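So you can see what is in the structure, the chains are spelled out below.
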Amino acid sequence: MKFAFVLDGLSCGGVERVAVTYCNALVERGHSVTVINLLPAETEFKCELLPEVKYEEVLYSKKMAPERYCSLISRCAWGRFIYPVVYSILMIALLLRRPFLRRRFGEFDVAISFSGHYNDLTLVAFDCISAKKKVAWLHGSVNSYALISDGFVNLYRRFNKLICLSREGEQEFRSAKHWIDLPIVQLYNPIDLAIEDVGLDVSRGLEEKYGDYILTVARLAYPKDIRTLIKALEILKNKYEIEKQLVVVGDGPDSGQLVDFAKKSTVSDQVHFVGYTNDPSPYYESCNVFVLSSLSEGLPTVLLEAMSRGKPVVSTDTIGANEILQAGKYGILCGIGDAFSMARGIARIYGDAHLSNQYIDAARTRVKDFEKNRIISGFLEIVTGDGSGES
């Protein structure tokens, strides 16, 4: 089969990492895969794609997507008059461009809007990528997107399948929009449970440098809320008398601001920004606890990666983290943006070895639900009705 994965950039983020996993797994099963990057300036994960994956670039920003401006209707009094004009202009531009895009990329069996942003949704929804079936990925619940704007719902109605990471809020959406029947299915993100040995020397080196440290792996941007994690580290030290090192793996637009924030804190000597690496395995292997401080998450891969390596986890209670940890059954959940709650959760792990071991054992069981081959077969079953993976 021929698959087109349409993405709003290939930066070093969780969504992009999952896309790369799908693309590589599908070509390994003998399928043809083309990645279409709509934000050519972001290509950090391009090097992670297997050589068999075809790669294309075409600039189409979210600002050019007609449905992006649907929210004008509810945002301001004159929005109901402006929106139809803006929509018409952008739609004419899109329709004029469509035949050239269809001719350039050719025919696919399945076109996938993977980022779930207005631009990739628009190109697939309006058949600018010619395909027999159209699939949209929702990195969260359908209700969370519908609350942002009806523009998302308008686009979703043009797809054959909507793949959600969580069904939370779906009933509320169906009750509020009972006249809209969306073809929603749930599918978890895949994770490779075949863990490579990172080497005893590497692991020991990190342990000697940072001790039994706290780890987070994240893009250094506002939604990841690293500031709250640094504040939690201060509370951990001052209230619980637990003084641990925090290692932050990742890079992003807020890196400079976060380094300055850490330097001005009372734990400046405990916070270490080590930058981005395409293989954070040694850090997972040698840390004592993994913490995720995000304000929102679809289905955080980093949480699964830490759990698969036998690490207890503390995470903010986002939709995705709650889905993985099942309301605290497989790890500790804390309040979003709540440094005190986060510090209390970390303190529980360091202060209770029995509890820590319970979470470690439970986590190893839970991650099996996300095993890569199982999820890829589930995806093929959804889009083709054939889970065998045969092309």
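Residues numbered from 1 in each chain as written. Predicted model: local features only at pLDDT ≥ 70, side-chain atom pairs only at ≥ 80, totals over all residues. Heavy atoms only, no water.

Here the focus is the side chain of Thr216. Note that Thr216 resides in strand β8 (residues 214-217). Take Thr216: its relative accessible area is 0%, and that puts it in the buried class. Reaching out from Thr216, the side chain makes a polar contact with the backbone oxygen of Val291 at a distance of 2.8 Å. When near neighbours in sequence (up to four residues on either side) are disregarded, Thr216 contacts Ile226, Leu229, Leu246, Val247, Val248, Val249, Phe290, Val291 and Leu292. (Helix = DSSP H or I, 4+ residues; strand = E, 2+ residues; numbered from the N terminus. Buried < 20%, exposed > 50% of the residue type's maximum accessible area, 1.4 Å probe, protein only. Polar contact = N/O pair within 3.5 Å; in protein donor to acceptor, adjacent residues only side chain to side chain. Contact = heavy atoms within 4.5 Å.)

Before going further, it helps to spend a moment on unusual backbone geometry. A positive phi is found at Asp127, a non-glycine position, where the angle reads about 60°. With respect to the helices and strands, the residue Asp127 is situated in the loop between α4 (118-125) and β5 (131-138). For Asp127, a relative accessible area of 28% puts it in the partly exposed group. Unusually for a residue other than glycine, Asp225 sits at a positive phi of about 50°. Position of Asp225 relative to the elements: it lies in the loop between β8 and α9 (226-238).

Here we come to the packing of aromatic side chains. Applying the stated rule across the entire model yields 14 aromatic pairs. Relative to Tyr276, the ring of Phe45 lies with its centre 6.3 Å away and its plane at 50°, an arrangement referred to as tilted. With Phe45 in the loop between β2 (32-37) and β3 (54-57) and Tyr276 in the loop between β10 (271-275) and α11 (281-286), this pair connects stretches of sequence that are 231 residues apart. A residue is classified by how much of its surface remains accessible, and Phe45, at 3% relative accessible area, is buried. Using a relative accessible area of 35% as the deciding quantity, one classes Tyr276 as partly exposed. Arranged with centres 5.9 Å apart and planes meeting at 40°, the rings of Tyr284 and Phe290 form a pair that is tilted. Relative accessible area serves as the criterion here: at 0%, Phe290 is assigned to the buried category. (Phe/Tyr/Trp six-rings, centres within 6.5 Å; stacked < 30°, edge-to-face > 60°.)

To continue, consider the confidence of the model for the protein chain. A residue-level look at the protein chain finds 94% of positions with pLDDT of 70 or above and a mean pLDDT of 91. The low-confidence segment residues 387-391 (pLDDT under 50) makes 13 contacts with residues lying over four places distant or belonging to another chain. (pLDDT = per-residue confidence, 0-100.)

What follows concerns the environment of Glu323. Inspection of the secondary structure puts Glu323 in helix α13 (residues 319-325). In sequence terms Glu323 and Pro300 are 23 residues apart; their C-alpha atoms lie 9.8 Å from each other. Discounting residues that sit within four places of it in the chain, Glu323 has contacts with Leu165, Ser166, Gln186, Tyr188, Leu299 and Arg366.

This next bit is on the nonpolar core. As a rule of thumb, nonpolar side chains are buried together in soluble globular proteins. Within the largest apolar cluster, 63 residues are counted, with the highest numbers of intra-cluster contacts made by Phe3, Phe5, Tyr22, Trp137, Leu215, Phe290 and Phe379. With eight residues, helix α1 (residues 14-28) is the single largest residue contributor to this core. Membership of the second largest hydrophobic core comes to 37 residues, among which are Ala4, Leu155, Tyr156 and Cys164. (Core = buried A, V, L, I, M, F, W, Y, C linked by side-chain atoms within 4.5 Å.)

Pairing between the strands of a sheet is mediated by backbone hydrogen bonds and can be parallel or antiparallel. An order of β10-β9-β8-β11-β12-β13 is seen for the six strands of this open sheet, with the pairing classed as parallel. Of all the strands in the sheet, the pair left with one neighbour each is β10 and β13 (332-334). In this sheet, adjacent strand axes meet at a mean angle of 25° when their direction is disregarded. (Pairing = 2+ DSSP bridges. Axes fitted to C-alpha atoms, helices over the stretch in contact; angles between N-to-C directions.)

With respect to burial, strand β4 (residues 108-113) is a largely interior element, six of its six residues being buried. As paired strands, strand β1 (residues 2-7) and β4 are joined by four bridges and run parallel to one another. Note that in β4 the partner of Ala4 across the bridge is Ala111. Strand direction decides the pairing type here: β4 and β5, joined by five bridges, are parallel.

This next bit is on the sheet that holds strand β7 (residues 184-186). On the basis of which strands lie adjacent, the open sheet formed by seven strands has the order β3-β2-β1-β4-β5-β6-β7 and parallel pairing. If you trace the sheet from one side to the other, it starts and ends with β3 and β7, each paired once. Shown here is a sheet whose adjacent strand axes are inclined to one another by a mean of 25°, direction ignored. Pairing analysis gives four bridges linking β2 to β3, with the strands arranged parallel. Within β3, the residue paired with Asn37 across the bridge is Glu57. Contacting β1, β4 and β5, α4 crosses the sheet at an angle of about 155° to β4.

So, about the pattern of salt bridges. Per the stated rule, a full pass over the model turns up nine salt bridges. Residues Asp109 and Lys132 are paired through a salt bridge, measuring 3.3 Å at the closest nitrogen-oxygen approach. With Asp109 in strand β4 and Lys132 in strand β5, this residue pair connects regions lying 23 residues apart in the sequence. As a salt-bridge pair, Lys244 and Asp212 come within 2.9 Å of each other at their nearest N and O atoms. Of the two residues, Lys244 is situated in the loop between α9 and β9 (246-249) and Asp212 in the loop between α8 (200-210) and β8; the sequence distance between them amounts to 32 residues. Taken together, the shared-partner salt bridges in this structure form one network comprising Arg366, Asp369 and Arg374. (Salt bridge = Lys/Arg side-chain N within 4 Å of Asp/Glu carboxyl O.)

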